[in-house]
Amino acid sequence: LYNLVLIGPSYSGKSTIGKKLSQVFNKKLVDIDDNLYQVNHDLKSILKHHPESYYRDLETKEVLKYASSFNQVIATGGGVVLSKDAMAALQRNSLIIFLNPPLEVLLSRIDNSRPLIKSKDDLINLYKKRLPLYQKYQGC
């Protein structure tokens, strides 16, 4: 059975919806950000000593660990679409779902928990930069 992979910007609900989908479809939940957090490889910790690219490499490796398995719901981080390797691996056996709430909803959810989003402008800029990638991969 194919994987369901959730992509989308920060605050779009990937983790929350991933939990619900895993229960409804009786699939294993893989939350990439949570997995990295569990081993102190979350973005906030990484950025204290390394560039963002280091985190993206860790994120890609984490995705690759799960991408070849089946019957999972995979909640990705908002920046996973920046990795061609990760996305190519996910495309092989997954339905990729782009969670795209209105920008006003995303802005209303800002809670200072995301290190790359310190202001509304940060979220708007990341959203605009990544939107073409989310659209490119959705439905694959």
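Scroll up to find the structure this text is about.
Read on for an overview of the structure. (Residues numbered from 1 in each chain as written. Predicted model: local features only at pLDDT ≥ 70, side-chain atom pairs only at ≥ 80, totals over all residues. Heavy atoms only, no water.)

**Notes on the sheet that holds strand β4 (residues 94–98)**
Rule in force here: Strand pairing follows a simple DSSP-based rule, namely that at least 2 bridges must link the two strands. Numbering goes from the N terminus for both helices and strands, where a helix is a DSSP run of H or I of at least four residues and a strand is a run of E of at least two. Here an axis means a line fitted to C-alpha atoms, over the contact stretch when the element is a helix, while the angle between two N-to-C directions is reported on a 0 to 180 degree scale.
Spatially, 4 strands are ordered β2-β3-β1-β4 in an open sheet, and the strand pairing comes out parallel. Of all strands in the sheet, those with a lone pairing partner are β2 (28–31) and β4, marking the two edges. Neighbour to neighbour, the strand axes of the sheet diverge by 20° on average, direction disregarded. Note that strand β1 (residues 3–7) and strand β3 (residues 72–75) share 3 bridges and pair parallel. Paired with Leu4 across the strands is Val73, a residue of β3.

**Remarks on the nonpolar core**
Let me state the cut-off plainly: To form a nonpolar core, buried Ala, Val, Leu, Ile, Met, Phe, Trp, Tyr and Cys residues must be joined to one another through side-chain atoms within 4.5 Å. Buried means the residue's accessible area, taken with a 1.4 Å probe over protein chains only, is under 20% of the maximum for its type, while exposed means over 50%, and partly exposed covers the values in between. Pairs of residues are marked as contacts when any of their non-hydrogen atoms sit within 4.5 Å.
With 31 residues, the main nonpolar core has Ile7, Met87 and Leu90 as its most contacted residues. Listed by contribution, the elements that provide at least two residues to this core are β1, α2 (32–38), α3 (43–47), α4 (52–67), α5 (84–91), β4, α6 (103–108) and α7 (120–137). Sort the elements by how many residues they give to this core and α7 lands first, with 6 residues. Here Ile7 is in contact with Lys14, Thr76, Val80, Val81, Met87, Ile96, Ile97, Phe98, Leu99, Tyr134, Tyr137 and Gln138, once residues within four sequence places are set aside. Counting 5 residues, the second-largest nonpolar core is a separate cluster that includes Leu4, Leu6, Leu21 and Val73.

**Topic: the environment of Glu104**
Mapped onto the secondary structure, Glu104 falls in helix α6. Along the primary structure Glu104 and Ile124 are separated by 20 residues, whereas in three dimensions their C-alpha atoms are 9.8 Å apart.

**Let's talk about α5**
Owing to its 3.6 residues per turn, the α-helix aligns residues three or four sequence positions apart on the same side. Rules: In this context, the arc is that of the directions from the helix axis out to the C-beta atoms.
Buried within α5 are the following residues: Ala86, Met87, Ala89 and Leu90. For α5, the arc enclosing every buried residue in end-on projection is 160°, short of the 170-degree limit, so these residues lie on one face. Of the residues in α5, the exposed ones pointing more than 90 degrees away from the buried face are Lys84 and Asp85. Along its buried surface, α5 packs onto β1, α4, β3, β4 and α7.

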